[in-house]
Every structure is written in structure tokens, then in C-alpha cells.
Amino acid sequence: MSPLKDLFDGSGPIARSGEGYCFRSGQLKLAEAILEALSQQQILLAEAGTGVGKTFAYLVPLMLASGKSIISTATRHLQDQLYERDLPRIKFALGVSLQTAVLKGRANYLCLYRLDRAREQGRFQRPDDAHLFSQIVTFSGLTSTGDIAECSAVPEQSPVWAMATSTRENCLGQSCPQFSECFLIKARQRAAEADLLVVNHHLLCADMALRDEGFGELLPSADHVVIDEAHALPEIATEFFSQSVSTQALSGLARDSLAVGLEHARDAASWPDLCGAVERSIMEMRSALTERPDRDIGASAAGPHSRMGWDQLSAKEQQRWTDLLQGIGVALLALREVLSLNADRHAELARLAAFSLELHQRLEAFQTHEPAAMDVRWMEFSRYGITLRRTPYEIAARFQEEINRQPKSWILLSATLAIAGRFDHFQRRLGLEHAKTLIAESPFDFQRQGLLLVPHPLPDPKRPDHISQVLQQPGILELLEAVKGGIFLLCTSHRAVGHASQWATQWAAAHPQRLILVQGQAPRPALIEQFRSHGAALLIGSHSFWEGVDVPGEALSLVLIDKLPFAPPDDPVLQARLRWCEAQGVDSFSALQVPEAAILLKQGVGRLIRSESDRGLVVIADRRLAETGYGRRMLRSLPNFARTREIGQAVQWLQADPHGPQPLSLTQPSPEFES
Ligand code: SF4
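Residues numbered from 1 in each chain as written. Predicted model: local features only at pLDDT ≥ 70, side-chain atom pairs only at ≥ 80, totals over all residues. Heavy atoms only, no water.

1. Observations concerning the overall build of the chain
Along the chain, the regular secondary structure elements total 26 helices and 18 strands. Over its C-alpha trace the chain gives a radius of gyration of 27 Å, about what one expects of a compact globule, namely 26 Å for 675 residues. On the principal axes, the C-alpha backbone points of the chain span a range of 85 × 60 × 55 Å. In the chain, which comprises 675 residues, the share counted as buried stands at 54%. When contacts within the chain are restricted to residue pairs at least 6 apart in sequence, long-range pairs at least 24 apart make up 75% of them. (Helix = DSSP H or I, 4+ residues; strand = E, 2+ residues; numbered from the N terminus. Rg over C-alpha atoms; globule rule 2.2 N^0.38 Å. Buried < 20%, exposed > 50% of the residue type's maximum accessible area, 1.4 Å probe, protein only. Contact = heavy atoms within 4.5 Å.)

Here it is as C-alpha cells:
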């Protein structure tokens, strides 16, 4: 008999350890597969449908297994939730005395050295900063972990944190006068000693890709690695396997060098001239952008960021940029030389010398064309500046190499890994073709709890004003009025968010009971909290709201998706991946674009039903879902909701008694959805 059966029983120790637990066969099946994978050092890919309870399904086997474990979650918020809520509960239920720790990236810990320096300098850019800074100083005297998430008086995204946290480039390491008190160093020591460590994907990938977070190596010491929300891993790993250099970093180097040079080596050189040359080169780069009005910083219709591949530049433009980059290289080299010559005069000068060398190497790497490298060179523009990147378009070999480096078990889980029951796409992306796979079905009764509407007729989804057209379709307003609870309007672009929010302003005038929330009005967690507590709000957002949002109950009753979430075709990294796919004789649309859109769509739709008692409607305003072969393939990946193409039926369904029988017309699948 399975050693897990008693633990997961409806009256077992987990059930007795707290509220809200009930036995779910899918959870036990998943836990048993994980226990086996841990004991045999296997690689397991598991999809756990919503409500399976995947967190307990991996925590229990991990606590029973011998050896050191790492759990990686997608975000810091999930990391805290796991560490503060789920992990102590299972530890208590099982009566185990494991040493556990949580570790985040360095930007999450107060840096005592930089805090002291900022206090001495006392210069603030914004009027509010002095007050916020004083709150951080008070926090520094009270905290035992230095985790900035504990400092509720200062918002996490406040720019003032940059004065009190470190980066890899500005940390003095062992030369730091605060080294023995450093919160980051202490957190890393606790992590090294823990039996079970909770990290996030960014930290895991930094460790995997660069091993340069200054911490040494997380992965080599682990016997088991569990990657939760694993669907997010390929994107994050790609980012960390990239090399980049930004005007922000160059500007920071010039600024710090000027201040430190004047303070500790005033006689060594004309620091204003040296640093000014770097700043001037950056200005020239920025002004080169204005020669292409479509790429003006911050002016992109696609949102706050705009991307351009090096290959998309004309020969003349490439030459212009090559000259600009060489100009920066020369200024950087001159600065580096003086910093290196004076490195022994102060630890800060040594640190800046090393940083200038690294930036120079990254700049050189960007300019070197290596056809065999399987990467793409591109530039990103935002209101903060320009970033030059070299990104691999294929990470399978690199990831596989890491997995094979040392024998250990790898468990990758998510609610969205498979497409129409198959894991091929995810397996290919990470080189995990030989991994074991498992699907643990959701315990929810989607046929009864949810309805999927693809209205008929619908405008062409390729129109730039598609969402505005959708919201003007006959019957849509009546449908929205029939929804008593909250509404999520998930858009595929920032432009669509803009159009939808214009429409919502007018709509709200006639519906004062609705609270309208739009992405960007406030930080994401604050918007979600307002949405949750209001109970009948309308939230309009793009990609960051498609996943990781959990609003059970009537507070989220309708999810409206503007169209199928295909990645923007002009993205230089996607273009390189498509070209690579085609070069191998594979149809890139079916092999790459459709599966990736299917996973994202599944995430978006997955916001709706979060518990056994939830009931709600999903509207996908894209006729391709019902009318094309690839659309129907994506449809097969979604929860098995009742379906209709008639708005009237959806209104009827919303108004029906949730405990009564399903409207007769919905008990059979609509023939228009059948392939
Ligand atoms: S060691 Fe680095 S992070 Fe720690 S206090 Fe010093 S500068 Fe800050």
C-alpha cells in the first residue's frame, strides 16, 4: 500500500492540520508519482489541473525523501506564500524537523553599506524620497532578515529602494565594511545549510546560467529540484542565458565613477572629462533613435518597450550603430584604464574597474557576429534607455547540459504544460524528450461550473481596433449587464488595453456600481486586491494578468479574452526561433506559435474557476478558435466547459439558477465547435 495514502486521507494528518483540505484522488496520484521520481532520480513533467492541490502533492514527498531539496516558484509572492503558509503546515502535519530557508535575489535584501552611503550623502531625487528613506532607516534597525517585502511603509517598486539595495556590480563583497552584518550573506548562509530551500525561477536560472550572483552554486548541492509553475521557466531561462548591456548600466558606471573618483583619487585624472565622454556617447545613441520615429524611446504602440533585431536595420543603420558602439567602447576603455590604475586606493575604485571591464566585454560580445552561436542580436528601447541583447533562440541543449551535470531528480509542474494532452512542445523547448509525464485531472466539474462563449458573428481579429468592435457587437452589453460579479477583460496588447479602457470610461458612467480598474493605474497586487474586495469590479489588463491571479467566488464571474494570444510576430527573438524551425523543415506556425498561444490561453481561461463552488463564463472574442483547425486544437487544451456561440444562450445561462439543471441546449456540445 502507498505510504502516502494515509497522509492524504480525508481524516489524515494533513486534513487535521488546518482548514480547507479534502481528499482528491488526483493529488494522491501526483504525490505518488513524485515520490517515485524522487527515489529513482527521475525527471518528471506533471500537469496538475486547477484544484488538484499540487503544492501539497510535492511538499509531502519532498519531506519524506532523504537529501537536500530546492523548490523554485515563479514569483517572489508565491515564494512567500509557500514558505509562510504551506510549508509550515505540511511540516507540522508530518511531524518532521527539517531545516528550511527561503532565498531571493539580492535586490530583495537591504544593503547596509549602500544605506550608510546614501545616509551620508543625503541627496534625494523626489520630494517624497527623504520620508521614504527615513522609513527604510527605521526598518533597518528592526528587521532580522533585511527582506524588503517586510517593510510595508515603503512600496516595493519605489525607486528609493535602489539607494538601499545592492546590485551584483556595486556590491563590495568581502571588501565591504558591513560584510559580517550583511543580510544577503546571512540569507545565503541559511540557504546553504537548509534541507529544503525555496527560491524563485529568476534566482534558479541565474545560478544555472551565470553562477555569478556571488553565492556560488545552489544547484550542485541539491538532490532534488522541484520547479513549480514550470510553464514560465523557458522564458526566464532564455532571459538568463542572454547577455546584455544597457545604457542604464553604462550611465550608472559613469555617475559612480565620477563621485568615487573625485572622493578617493581626485588627482588621478580629469574625472568629469572621462565620465562625461561615456555620458555623451549614450546621448548620441539616444539621439540616433529619434532618426527612426517608429523607435522613439517610450513611443511604441506595443507598450512601454519596443524591440528591434540587428538584422532589421538597414546596412547604413548598422554602420551608424557600429560607429556609436565603438565610440562608447573607446570612452569605456579610457575610463577603465584610470579605474584599474587606481584600484588599490579604495575598494569602490576596484569594484568600478571590474564593472567597467565587464561592460566592455559585454559590449564587444554584442558586436561580434558568430553565425554558429544560435543566438540573435537585438535592441530594446524603453523610457529608461536602450538595452543591447544577445539571446539564444534555442535553449534545449543548454538546459539539458545542466540537468545532466549531476544526477538528481527534477520535477517540473504546472497547471499548463500539455497541449491537447501532449507534452511535446514543452519537452522540445527544454530538451526533456525522455522525461516521464503525468496529467492529474482537475477535480472540478467544468461542464456544470463554466460556460465558454465564442460569439457569432465576430469582427476580424486582425483589425487594430478589434476589442472596440467586439464591445460594440449586438448583445455584448446585455451580456455584461447580466453578470452580477466581477469581470476580467484580458487583452493581448497594450493598445487593446487603451481601447478597452476608453470604452469602459463611458460604460462606467451608466453603471456606477462597477469599479473600473485598468492596468498601470496602480501596482498589480493593489489592483487585484481592490478587484477581489469590491466583488463587482471590471479589471482591464494585458499579459501580467493572464496568470498568477487567484480570485475565487463571484468576485470573478466573467473572463473576456480579446483574441488568441499569439506572440507579436515582429519580436526579433520569436522571428529567429521561427526561422530556425523552418530551416529544419518544420512548420513553425503549428510547431511553435500555436502551442505557445495555447498555453497562454489556457492560463487566461484558468483564472475563472478556482474552487468547487465557482461558476462563471469565459468569452473568447476570436472566431478562429471555433472556425479553424488550429483553433480547435487550442480548444481541446481548455477545460471541458459547456460551449455556445450564441450570446443569448450565455445570458440565459448567467440568469439561470446555478443549482438547477443546465439549459437543455447546452447539454450537448455546439456542432459549430466540432472538428
Ligand atoms: S556585502 Fe554587498 S550587499 Fe552586503 S552590505 Fe556589503 S555591499 Fe551591501
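On we go.
2. What about the sheet that holds strand 10 (residues 409-414)?
Spatially, seven strands are ordered 3-4-2-5-10-1-11 in an open sheet, and the strand pairing comes out parallel. This sheet does not close on itself; its edge strands, each paired only once, are strand 3 (100-102) and strand 11 (436-440). Ignoring strand direction, the axes of neighbouring strands in this sheet form an average angle of 15 degrees. Pairing of strand 2 (residues 69-73) with strand 5 (residues 224-227) involves four bridges; the strand directions are parallel. Residue pairing across strands places Ser69 opposite His224, the latter belonging to strand 5. (Pairing = 2+ DSSP bridges. Axes fitted to C-alpha atoms, helices over the stretch in contact; angles between N-to-C directions.)

3. Observations regarding the site of the ligand
The full set of residues close to the ligand is Cys111, Leu112, Tyr113, Ser166, Cys171, Leu172, Gly173, Cys176, Gln178 and Cys182. Residues that form the shell around the ligand fall into these classes: seven nonpolar, three polar and no charged. (Near = heavy atom within 4 Å. Nonpolar A, V, L, I, M, F, W, Y, C, P; charged D, E, K, R; others polar.)

4. Brief notes about the sheet that holds strand 17 (residues 616-620)
The strand order across the open sheet formed by seven strands is 14-15-13-16-17-12-18, and the pairing between neighbours is parallel. In this open sheet, the two strands that pair with only one neighbour each are strand 14 (516-518) and strand 18 (642-644). Averaged over all adjacent pairs, the angle separating strand axes in this sheet is 15 degrees, with direction ignored. Pairing geometry for strand 12 (residues 450-453) and strand 17, over four bridges, is parallel. Note on strand 17: the bridge partner recorded for Leu452 is Val618. Across the sheet, helix 21 (residues 524-534) touches strand 13 (487-490), strand 14 and strand 15 (538-541), and the angle it forms with strand 14 is around 160 degrees.

5. Overview of the nonpolar core
Judged by nonpolar contacts, the single largest core of 60 residues is most densely connected at Leu103, Trp161, Leu412 and Leu432. Looking at this core element by element, the count peaks at six residues for helix 9 (residues 201-209). Looking at which domains feed residues into this core, each of domain 1 (5-99 + 194-239 + 395-440) and domain 2 (107-184) gives three or more. Counting 43 residues, the second-largest nonpolar core is a separate cluster that includes Phe444, Leu452, Met634 and Leu635. (Core = buried A, V, L, I, M, F, W, Y, C linked by side-chain atoms within 4.5 Å. Domains from an automatic or database assignment.)

6. Observations regarding the packing of aromatic side chains
Tallied over the entire structure, the rule returns 12 aromatic pairs. Geometrically, the ring pair formed by Trp503 and Trp507 is stacked, given 5.3 Å between the ring centres and 20 degrees between the ring planes. With a gap of four residues between them, Trp503 and Trp507 both fall in helix 20 (residues 494-510), about one helical turn apart. Like Trp503, the residue Trp507 is buried in the burial classification. Their ring planes at 90 degrees and their centres at 5.0 Å tell us that Phe589 and Tyr630 sit as a pair that is edge-to-face. (Phe/Tyr/Trp six-rings, centres within 6.5 Å; stacked < 30°, edge-to-face > 60°.)

7. A word on the domain arrangement of the chain
Segmenting the chain into domains produces domain 1 (5-99 + 194-239 + 395-440), domain 2 (107-184), domain 3 (243-392) and domain 4 (446-673). Here the C-alpha centroids of domain 3 and domain 4 sit 41 Å apart. Contact with domain 3, which involves 13 residues of that partner, is made by 10 residues of domain 4. Carbon and sulfur atoms make up 62% of the area that domain 3 and domain 4 hide from each other, which totals about 830 Å². Linking domain 3 with domain 4 are two salt bridges, by the criterion used here. The closest approach of N and O atoms between Arg579 and Asp311, which form a salt bridge, is 3.9 Å. Linking domain 3 to domain 4 there are one residue pair in polar contact (both at pLDDT 80 or more). The element contributing the most residues to the side of domain 3 that touches domain 4 is strand 7 (residues 305-309), with three residues. Of the residues contributing to the side of domain 3 that touches domain 4, the split by class is seven nonpolar, four polar and two charged. (Buried area = accessible area lost by both parts, 1.4 Å probe. Salt bridge = Lys/Arg side-chain N within 4 Å of Asp/Glu carboxyl O. Polar contact = N/O pair within 3.5 Å; in protein donor to acceptor, adjacent residues only side chain to side chain.)

8. A look at the packing of helix 9 against helix 10 (residues 233-240)
Here helix 9 crosses helix 10 at 45 degrees, and the two axes come no closer than 9 Å. When the axis of helix 9 is compared with that of helix 10, the two are oblique. Between helix 9 and helix 10 lies a crossing of right-handed hand. Note on element contacts: helix 10 touches helix 9 through Leu233, Ile236, Ala237, Glu239 and Phe240, opposite His201, His202, Cys205, Ala206 and Ala209. (Parallel < 35°, antiparallel > 145°, perpendicular 65-115°, else oblique. Left-handed = near helix turned anticlockwise from the far one by under 90°.)

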